[in-house]
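Single-letter residue listing:
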There are 2 protein chains.
Amino acid sequence: MNNDAMQPIPLPTIRRFPEYLRFVEDKRLAGEEWISTTEIGAAIGRKSVVVRKDLSYSGVAGHPRRGFRLEELAPALRRSLGWDNATDAFLVGVGSLGQALLGYGGFANYGMRIVAAFDCNDDITGGSMAQSQIFPIQKLPQLAKRMNVKLGIIAVPQDVAQSVANILVDAGIRGIWNFAPVQLDVPSNVVVRREDLSHGLAVLSYQLREECETIRPE
Amino acid sequence: MNNDAMQPIPLPTIRRFPEYLRFVEDKRLAGEEWISTTEIGAAIGRKSVVVRKDLSYSGVAGHPRRGFRLEELAPALRRSLGWDNATDAFLVGVGSLGQALLGYGGFANYGMRIVAAFDCNDDITGGSMAQSQIFPIQKLPQLAKRMNVKLGIIAVPQDVAQSVANILVDAGIRGIWNFAPVQLDVPSNVVVRREDLSHGLAVLSYQLREECETIRPE
DNA sequence: TCAATATCGATAAGTTATTATCGAATCCTT
DNA sequence: AAGGATTCGATAATAACTTATCGATATTGA
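Everything numeric in this text was worked out from a predicted model, so none of it was measured.

Rules used in this analysis
Residues numbered from 1 in each chain as written. Chains lettered and ligands numbered in written order. Predicted model: local features only at pLDDT ≥ 70, side-chain atom pairs only at ≥ 80, totals over all residues. Heavy atoms only, no water. Near = heavy atom within 4 Å. Polar contact = N/O pair within 3.5 Å; in protein donor to acceptor, adjacent residues only side chain to side chain. Helix = DSSP H or I, 4+ residues; strand = E, 2+ residues; numbered from the N terminus. Contact = heavy atoms within 4.5 Å. Buried area = accessible area lost by both parts, 1.4 Å probe. Salt bridge = Lys/Arg side-chain N within 4 Å of Asp/Glu carboxyl O. Phe/Tyr/Trp six-rings, centres within 6.5 Å; stacked < 30°, edge-to-face > 60°. Axes fitted to C-alpha atoms, helices over the stretch in contact; angles between N-to-C directions. Parallel < 35°, antiparallel > 145°, perpendicular 65-115°, else oblique. Left-handed = near helix turned anticlockwise from the far one by under 90°. Nonpolar A, V, L, I, M, F, W, Y, C, P; charged D, E, K, R; others polar. Least-squares fit on C-alpha atoms with pLDDT ≥ 70 in both. 1 Å grid on protein atoms, 1.4 Å probe; cavity = no way out; pocket = protein on both sides within 12 Å on 5 of 7 lines; lining within 4 Å. Points joined across faces, edges and corners; volume = space filled by probe spheres on them. Expected span 1.5 Å × (residues − 1). Bend = angle between axes of the 7 residues up to and from the residue. pLDDT = per-residue confidence, 0-100. Pairing = 2+ DSSP bridges. Buried < 20%, exposed > 50% of the residue type's maximum accessible area, 1.4 Å probe, protein only.

## Some details on the protein's contact with DNA strand C
Close to DNA strand C lie 23 residues; A:T37, A:R52, A:G62, A:R65 and B:R65 are nearest. One of the side-chain N or O atoms of A:T37 is found 2.5 Å from a phosphate oxygen in DNA strand C. Counting residues per element, the ones that place at least two in the surface near DNA strand C are helix 2 (37-44) of chain A together with helix 1 (11-29) and helix 3 (48-56) of chain B. Broken down by element, the residue count for the surface near DNA strand C peaks at three residues, all from helix 3 of chain B.

## Quick word on the interface of chain B and chain A
Across the boundary between the two partners, chain B contributes 55 residues, which contact 55 residues of chain A. Approximately 4,900 Å² of surface area, both sides summed, lies buried where chain B meets chain A, with 67% of it carried by carbon and sulfur atoms. Taken as a group, B:L197, B:L201 and B:Y206 account for 13% of the area that chain B buries against chain A, more than any other trio of residues on that side. Our count for the contact surface shared by chain B and chain A stands at four salt bridges. Across the salt bridge formed by A:R194 and B:E19, the nearest N and O atoms sit 3.8 Å from each other.

## A word on the packing of aromatic side chains
Summed over all chains, the structure comprises 16 aromatic pairs over all chains. Among the aromatic side chains, those forming a connected cluster through ring pairs are A:W83, A:Y104, A:F107, A:Y110, A:W177 and A:F179.

## Points about the pattern of salt bridges
Applying the stated criterion across every chain, the model contains 21 salt bridges over all chains. Between A:R28 and A:E71 there is a salt bridge, with the nearest N and O atoms lying 3.1 Å from each other. One end of the pair, A:R28, is in helix 1 (residues 11-29); the other, A:E71, is in helix 4 (residues 70-81), and 43 residues separate them in sequence. For A:R113, the salt bridge is made with A:D88, and the minimal N-O distance between the two is 2.6 Å. With A:R113 in strand 4 (residues 112-119) and A:D88 in strand 3 (residues 87-92), this pair connects stretches of sequence that are 25 residues apart. Linked by salt bridges that have partners in common, A:R194, A:D196, B:E19, B:R22 and B:R46 make up one network.

## Focus: the packing of helix 1 of chain A against helix 2 of chain A
Residues and elements named next belong to chain A. It is the contact of helix 1 with helix 2, at a shortest axis distance of 10 Å, that shows an interaxial angle of 110 degrees. Judged by the angle between their axes, helix 1 and helix 2 are roughly perpendicular. You can see that helix 1 and helix 2 cross each other, and the crossing is right-handed. In contact with E19, Y20, F23, V24 and K27 of helix 1, helix 2 contributes E39, I40, A43 and I44. In terms of residue class, the contact of helix 1 with helix 2 is made up of six nonpolar, no polar and three charged.

## Overview of the protein's contact with DNA strand D
Taken together, 23 residues are adjacent to DNA strand D, and A:R65, B:T37, B:R52, B:G62 and B:R65 come closest. Looking at DNA strand D alone, sugar and phosphate atoms form 67% of those within 4 Å of the protein. A:R16 is positioned such that a nitrogen or oxygen atom in its side chain is 3.1 Å from a phosphate oxygen of DNA strand D. Between DNA strand D and B:R52, the relevant distance is 2.8 Å, taken from a base nitrogen to a side-chain nitrogen or oxygen of the residue. Listing elements by their share of the surface near DNA strand D, those giving two or more residues are helix 1 and helix 3 (48-56) of chain A together with helix 2 (37-44) of chain B. No other element matches helix 3 of chain A, which puts three residues into the surface near DNA strand D. Split by residue class, the surface near DNA strand D holds nine nonpolar, seven polar and seven charged.

## Examining the relation of the copies chain B and chain A
Superposition of chain B onto chain A requires a rotation of 180 degrees combined with a translation of 0.0 Å along the rotation axis, giving an RMSD of 0.1 Å. Within this description, the copies of the chain are treated as partners about a two-fold rotation axis. Minimal C-alpha separation from the rotation axis in chain B is found for B:A100, amounting to 3.3 Å.

## Things to note about the layout of surface pockets
In this model, the second largest pocket occupies a volume close to 1,400 Å³. Taken together, the elements giving at least two residues each to the lining of the second largest pocket come down to helix 1, strand 9 (191-194) and helix 8 (197-214) of chain A together with helix 1, strand 9 (191-194) and helix 8 (197-214) of chain B. For the lining of the second largest pocket, the per-class residue count stands at 14 nonpolar, eleven polar and 16 charged.

## Quick notes on helix 1 of chain B
All names here are of chain B. Under the 1.5 Å per step criterion, the end-to-end length of helix 1 is 28 Å for 19 residues, consistent within 8% with the ideal 27 Å. At F17, helix 1 shows its maximal bend, which comes to roughly 30 degrees, and the proline P18 appears one to four places after that position. Downstream of helix 1 by a residue or two, G31 has a phi angle that is positive, lying close to 90 degrees.

## Description of the confidence of the model for chain A
A residue-level look at chain A finds 94% of positions with pLDDT of 70 or above and a mean pLDDT of 93. Note that pLDDT drops below 50 for residues 1-5 of chain A; the model gives that stretch six contacts with residues more than four away or on any other chain.

## Focus: the sheet that holds strand 9 of chain A
All names here are of chain A. The sheet built from seven strands is open, its strands ordered 5-6-4-3-7-8-9 with mixed pairing. Only two strands of the sheet have a single neighbouring strand rather than two, namely strand 5 (128-129) and strand 9. Packed on one face of the sheet, helix 6 (residues 140-147) meets strand 3, strand 4 and strand 6 (132-136) and runs near 175 degrees to strand 3.

## Some thoughts on the sheet that holds strand 9 of chain B
All names here are of chain B. The strand order across the open sheet built from seven strands is 5-6-4-3-7-8-9, with neighbouring strands paired in mixed fashion. Each edge of the open sheet carries a strand with a single partner, namely strand 5 (128-129) and strand 9. Packed onto the sheet, helix 6 (residues 140-147) meets strand 3 (87-92), strand 4 (112-119) and strand 6 (132-136) and runs at close to 175 degrees relative to strand 3. The strands that helix 7 (residues 158-170) touches are strand 3, strand 7 (151-154) and strand 8 (175-178); relative to strand 7, the one it contacts most, it runs at about 170 degrees.

## A look at the environment of B:W83
Within the secondary structure layout, B:W83 lies in the loop between helix 4 (70-81) and strand 3. With a relative accessible area of 3%, B:W83 lands in the buried category. Residues B:W83 and B:G111, spaced 28 residues apart in sequence, show a C-alpha to C-alpha distance of 4.2 Å. If we skip the residues at most four places from it in the chain, B:W83 touches A:S198, A:L201, A:A202, A:S205, B:P18, B:L21, B:R78, B:N109, B:Y110 and B:G111. A polar atom in the side chain of B:W83 sits 2.9 Å from the side chain of A:S205.

Written as structure tokens, this is what we have:
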């Protein structure tokens with residue numbers, strides 16, 4: 001129906017895609033052939049009409065009385081997300097968070113591969129961790145060019161995050177996944193996605209308090 | 001203007017509150033007395049009208065030509081978020097992610113304190129990490145009751161996340177911060193907030209690809 | 001073969017959130 | 001002391017997202 005990415009996909013839809021993908025892959029592994037939006041919705045806790053609308057953006061057509069063909073849907077979701085061929089990424093900052101990211105094996109499913117890590121602490125540079133070598137930050141520019149890496153992950157304390165971002169931008173990085181709680185100042189052609197735990201915790205705290213206050217029996 | 005939390009605060013607003021709070025605290029530390037929505041907006045990259053609308057939910061009134069009084073705004077934001085008095089929390093799962101969470105010192109600013117950690121690995125239970133003792137998971141119910149803990153953090157692999165959730169719920173936990181990529185099935189009076197890195201990465205990948213495709217200079 | 005049913009896909013309605021606009025209030029400058 | 005500038009706060013307009021509804025279609029089972 002839609003020809004590739006002509007029309008932009010709403011961001012809420014994009015955010016839900018990984019959930020669909022995860023479920024769809026599970027089903028495929030289980031040997032199923034078809035999946036309905038009813039079933040997907042039930043599994044991930046959303047109304048089927050939301051799922052149906054979302055899936056329409058993937059470009060695959062469903063089948064009355066059957067649903068969607070898994071073999072078709074999974075690759076389409078990956079493609080929509082840009083996860084169809086893995087993107088190489090650099091990680092900057094090998095503190096506790098950086099180590100957790102390095103140790104997390106699941107990024108392959110998300111079309112990303114951390115190919116090198118960087119830090120300014122001499123005690124750990126030169127070594128490696130979870131199959132990734134750790135280089136001094138000074139080496140980043142030349143390696144970025146040589147390896148043609150376009151994605152950078154910032155996992156450093158907030159007071160150095162901006163300077164790291166500058167280094168990344170100068171090195172030709174086009175996308176930054178920022179785990180430091182600061183607003184980065186970058187050129188408009190560089191995409192920044194900030195991951196901030198406080199946002200999630202804020203919603204949780206609020207809802208928790210709201211729940212305690214409103215549910216006051218009698 | 002508003003009397004406490006009579007009217008519900010929109011979730012997008014709640015998500016932005018931590019950013020305002022961070023900036024406001026910085027300014028306060030710097031010895032400032034007033035802050036305008038214009039300045040806040042410029043700092044965190046949003047239009048001033050958004051900030052103004054959001055702040056109206058906090059209950060504090062601004063001052064023409066001056067802005068908002070920092071001494072008043074910071075506590076109000078904390079109160080709105082439910083961050084005014086710290087909530088004790090249990091962490092379950094002391095793998096690499098759990099360790100990163102334990103090691104992260106910033107939760108105090110978010111009104112949360114991890115008072116104990118739990119794991120099923122005998123090698124690490126009994127020890128401690130970042131000032132938190134690590135207990136076997138079996139001890140959780142009795143400790144939850146004794147310490148009156150109402151918030152649980154799930155940082156275990158996804159295949160055991162649901163069973164951990166069940167334990168938490170049975171132990172009287174009212175809110176769960178879930179870092180496992182699964183939809184948890186819990187009673188409706190328990191609030192679950194799922195933290196899923198794939199959502200953020202999805203948006204980043206999509207925007208990155210979109211950028212590359214649309215910005216095609218001639 | 002034909003009716004019943006589950007599903008998709010499109011349209012419409014409703015809700016929520018964002019953005020724009022403007023008057024009122026206060027401070028600052030002259 | 002008076003005019004200009006800046007900011008708040010309210011209202012209105014726009015846009016985005018969600019939810020509801022319904023006909024079309026293909027499969028199943030009688």
